[in-house]
Amino acid sequence: MNVRIAVIHYSATGVVHQLATSLAQGAANAGAEVRLRRVAELAPPEAIAANSRWQAHRDRENAPDGTPLATLDDLAWADGIALGSPTRFGGPAAQLKNFLDQTGSLWFKGLLAGKVVTAFTSASTAHGGLESTVLAMLNVAYHWGSIIMPLGYGPPVVSKSTGNPYGASWVSRKGSLPDDDALAAANAQGARLAEVAAALSAAQRTTS
Ligand SMILES: Cc1cc2nc3c(=O)[nH]c(=O)nc-3n(C[C@H](O)[C@H](O)[C@H](O)COP(=O)(O)O)c2cc1C
């Protein structure tokens, strides 16, 4: 498979990072070349230090083997893009939005039009904004002119996990990490993204 997938995410305490890793693995298993990337942290050190799980995830990511930081080139390079963020008051985190708000030059040149884009998330409660966060991330992709790809109910594991067809998701309650079903749903979303992006880019090459 000749396809490139960028998995761009923000995660404060590591939940979305686990979904991102499984989604990236699903795309890689499907044969894609994958870049797993995190966006820059914007919160002040004292806010991070006040939450031990946030600080621990920061320390892991800032280690030499931590996830590389996303750049605009990762978006330009990719045929398919997965965006991930925890829910923040029903929408994406400012950290991810800050990165997306830097894509004006790519958008202006039409470089993001025609790419396949999908999204995934985590919230601490089942009705605290899983769907609205996925949909809000994808608003940006509508403006880019991208092809929006939902997770759907195709993979049976979607119904077994949160049953969220908008995108892989996890209800973290008091900080629990994604279970096997949620990770499998993210994995399936990555495989689907790779397959759809490969088919679309092959068709675009044929017609150009
Ligand atoms: C400022 C803030 C706002 C949040 N807003 C919501 C919310 O609206 N609904 C919800 O269910 N969880 C909310 N959460 C919880 C996170 O979305 C949840 O813990 C998520 O699993 C964290 O993912 P992460 O570990 O990748 O950062 C909020 C957390 C913070 C710090």
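Right, let's walk through the structure included here. Being a predicted model, the structure only gives us computed values, none of them experimental.

What counts, and at which threshold
Residues numbered from 1 in each chain as written. Predicted model: local features only at pLDDT ≥ 70, side-chain atom pairs only at ≥ 80, totals over all residues. Heavy atoms only, no water. Near = heavy atom within 4 Å. Polar contact = N/O pair within 3.5 Å; in protein donor to acceptor, adjacent residues only side chain to side chain. Areas by Shrake-Rupley, 256 points an atom, 1.4 Å probe, with all protein chains shown as cover. Helix = DSSP H or I, 4+ residues; strand = E, 2+ residues; numbered from the N terminus. Buried < 20%, exposed > 50% of the residue type's maximum accessible area, 1.4 Å probe, protein only.

Here we take up the site of the ligand. Around the ligand there are 17 residues in total, and Ser-11, Thr-13, Thr-87, Ser-122 and Ser-172 lie nearest to it. Residue Gly-128 places a main-chain N or O atom 2.8 Å away from a nitrogen atom belonging to the ligand. Take Ser-172: an N or O atom from its side chain is 2.7 Å from an oxygen atom of the ligand. For the ligand, whose accessible area on its own is 650 Å², the fraction buried by protein is 76%. Breaking the shell around the ligand down by element, the ones donating at least two residues are helix 1 (15-29), strand 3 (80-88) and strand 5 (116-123).

This brings us to unusual backbone geometry. The backbone of Phe-89 shows a phi angle near 50°, a positive value even though the residue is not glycine. By secondary structure assignment, the location of Phe-89 is in the loop between strand 3 and strand 4 (91-92). By relative accessible area, Phe-89 is classed as exposed at 90%. Not every positive phi belongs to a glycine, and Arg-173 is a case in point at roughly 45°. One can find Arg-173 in the loop between strand 7 (169-171) and helix 9 (180-207).

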